[in-house]
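The residues making up each chain are set out below.
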Amino acid sequence: MFDACIQPGSFGVGGLFPTPLVNAELVGHETINATLAPLILARQTIERGVTVSNVDGWHSVEFQSWCGPAGEAVLQAARQIVDRMTLIEMGDELLPADITWRLSAWANVSIAGEGNRPHGHPGAFWSGIYWVDDGGVAENPAAGGLLELADPRGVMPEMHAPHLRFAVKDCLSAGRGEVITPQAGRMIMFPSWLIHSVTRFHGGRPRISIAFNFSA
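First, a word on scope: everything that follows refers to the structure included in this document. (Residues numbered from 1 in each chain as written. Predicted model: local features only at pLDDT ≥ 70, side-chain atom pairs only at ≥ 80, totals over all residues. Heavy atoms only, no water.)

**Regarding the nonpolar core**
Inference 1: Grouped together as the largest cluster of nonpolar side chains are 31 residues, with contacts concentrated most on Ile40, Phe63, Met187, Met189 and Phe212.
Inference 2: Within the residue set of this core, elements represented by two or more residues are helix 1 (29-46), helix 2 (68-84), strand 6 (102-110), strand 8 (126-133), strand 11 (186-191) and strand 13 (207-215).
Inference 3: For this core, the element with the highest residue contribution is helix 2, accounting for seven residues. (Core = buried A, V, L, I, M, F, W, Y, C linked by side-chain atoms within 4.5 Å. Buried < 20%, exposed > 50% of the residue type's maximum accessible area, 1.4 Å probe, protein only. Helix = DSSP H or I, 4+ residues; strand = E, 2+ residues; numbered from the N terminus.)

Right, dumping it as structure tokens:
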């Protein structure tokens, strides 16, 4: 007879093909946001904006030329994150990357009924969002305007047993994606190929954010 027994100390569980997600809060964000919110809303009144992934809503043409010191502080914080979170392959080594990033940024304003379709950001390496005003979503997620990050392993939802879950903390949402509740002063960064969207917003005040791409 044999006992089905696992060798003590040999059992291990790890994540395979993990996707990085950076979540950070900016120092002094209250002051930064108090400056940026009226600046962005004023810009909206004089610039028509463009339609990209936004379903209605306002998407500025760009941001850097008019963002002022408060906007520069947000973009500088984002640049510090991507510098810290990026390595470059040199032969057999992975070294801290010294990259002159190409940055593009834009402002977004959404009111009730508006959102963003699922999309990625081709041509970039890192993408991110900074919330200037979450529109009240942080206190009431039922107001919508949530950031949805799709699981890039698209075949998983079509597997036979969708009611089963992997018994690993970071794999419980496998095949379903993740939902992040906006919060003023928070910055989220993720790989640009990760498909993401924003659910329809139904808050009582404008939801204001800054989005950006870093390309090598």
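**Overview of the sheet that holds strand 13**
Inference 1: Taken in spatial order, the six strands of this open sheet run 1-11-8-13-6-3, and their pairing is antiparallel. The open sheet has two free edges, formed respectively by strand 1 (22-25) and strand 3 (58-59), since each of these has just one partner strand.
Inference 2: One ladder, built from seven bridges, connects strand 8 with strand 13; its direction is antiparallel. Along strand 13, the bridge assignment pairs Trp126 with Phe214.
Inference 3: Each of strand 1, strand 3, strand 6, strand 8 and strand 13 is contacted by helix 1, which is oriented at about 90° to strand 8, the strand it contacts most. (Pairing = 2+ DSSP bridges. Contact = heavy atoms within 4.5 Å. Axes fitted to C-alpha atoms, helices over the stretch in contact; angles between N-to-C directions.)

**Describing the sheet that holds strand 10 (residues 178-180)**
Inference 1: An order of 2-7-12-9-10 is seen for the five strands of this open sheet, with the pairing classed as antiparallel. Every interior strand has two partners, whereas the edge strands, strand 2 (54-55) and strand 10, have only one.
Inference 2: In terms of strand pairing, strand 7 (residues 115-119) meets strand 12 (residues 196-198) through two bridges, oriented antiparallel. The residue of strand 12 that forms the bridge with His119 is His196.

**Focus: empty space enclosed by the protein**
Inference 1: Across all of its chains, the model carries one cavity of 30 Å³ or more by this definition.
Inference 2: Put simply, the largest cavity is a space of about 30 Å³.
Inference 3: Taken together, Asn54, Asp56, Gly57, Trp58, Asn108, Val109, Ser110 and Asn116 form the lining of the largest cavity.
Inference 4: In terms of residue count, the dominant contributor to the lining of the largest cavity is strand 6 (three residues).
Inference 5: Split by residue class, the lining of the largest cavity holds two nonpolar, five polar and one charged. (1 Å grid on protein atoms, 1.4 Å probe; cavity = no way out; pocket = protein on both sides within 12 Å on 5 of 7 lines; lining within 4 Å. Points joined across faces, edges and corners; volume = space filled by probe spheres on them. Nonpolar A, V, L, I, M, F, W, Y, C, P; charged D, E, K, R; others polar.)

**Describing the packing of aromatic side chains**
Note on aromatic pairs: each is described by the distance of the centres and the angle between the planes.
Inference 1: Tallied over the entire structure, the rule returns five aromatic pairs.
Inference 2: Each ring, one from Phe125 and one from Trp126, has its centre 6.1 Å from the other, and the planes form 80°; the classification is edge-to-face.
Inference 3: Since its relative accessible area comes to 5%, Trp126 is described here as buried.
Inference 4: Here a set of aromatic residues connected by ring pairs shows up, and it is made of Trp101, Phe125, Trp126, Phe212 and Phe214. (Phe/Tyr/Trp six-rings, centres within 6.5 Å; stacked < 30°, edge-to-face > 60°.)

**Notes on the packing of helix 1 against helix 2**
Inference 1: Between helix 1 and helix 2, whose axes approach to 8 Å, the crossing angle comes to 120°. By the angle between their axes, helix 1 is oblique relative to helix 2. For the pair helix 1 and helix 2, the sense of crossing is left-handed. Between helix 1 and helix 2, the residues in contact are Ile32, Thr35 and Leu36 and Ala70, Gly71, Ala73 and Val74, respectively.
Inference 2: In terms of residue class, the contact of helix 1 with helix 2 is made up of five nonpolar, two polar and no charged. (Parallel < 35°, antiparallel > 145°, perpendicular 65-115°, else oblique. Left-handed = near helix turned anticlockwise from the far one by under 90°.)

**Re the environment of Gly177**
Inference 1: Considering the arrangement of structural elements, one finds Gly177 in the loop between strand 9 (147-149) and strand 10.
Inference 2: Between the alpha carbons of Gly177 and Arg153 there is a distance of 9.6 Å; along the sequence they are 24 residues apart.
Inference 3: Excluding anything up to four places from it in sequence, Gly177 contacts Leu149, Ala150 and Asp151.

**Quick look at the layout of surface pockets**
Inference 1: Estimates place the volume of the largest pocket at around 670 Å³.
Inference 2: For the largest pocket, the lining is made up of 27 residues, of which Phe17, Pro18, Thr19, Arg153 and Asp170 are closest to its centre.

**Things to note about helix 1**
Inference 1: Over its 18 residues, helix 1 extends 26 Å from the first C-alpha to the last, a length consistent with the 26 Å expected when each residue adds 1.5 Å.
Inference 2: Among all positions in helix 1, only His29, Ile32, Asn33, Leu36, Ala37 and Ile40 are buried.
Inference 3: For helix 1, the secondary structure elements touched by its buried residues are strand 1, strand 3, helix 2, strand 6, strand 8 and strand 13. (Expected span 1.5 Å × (residues − 1).)

In short, the description is geometric, and any link to function would need to be established separately.
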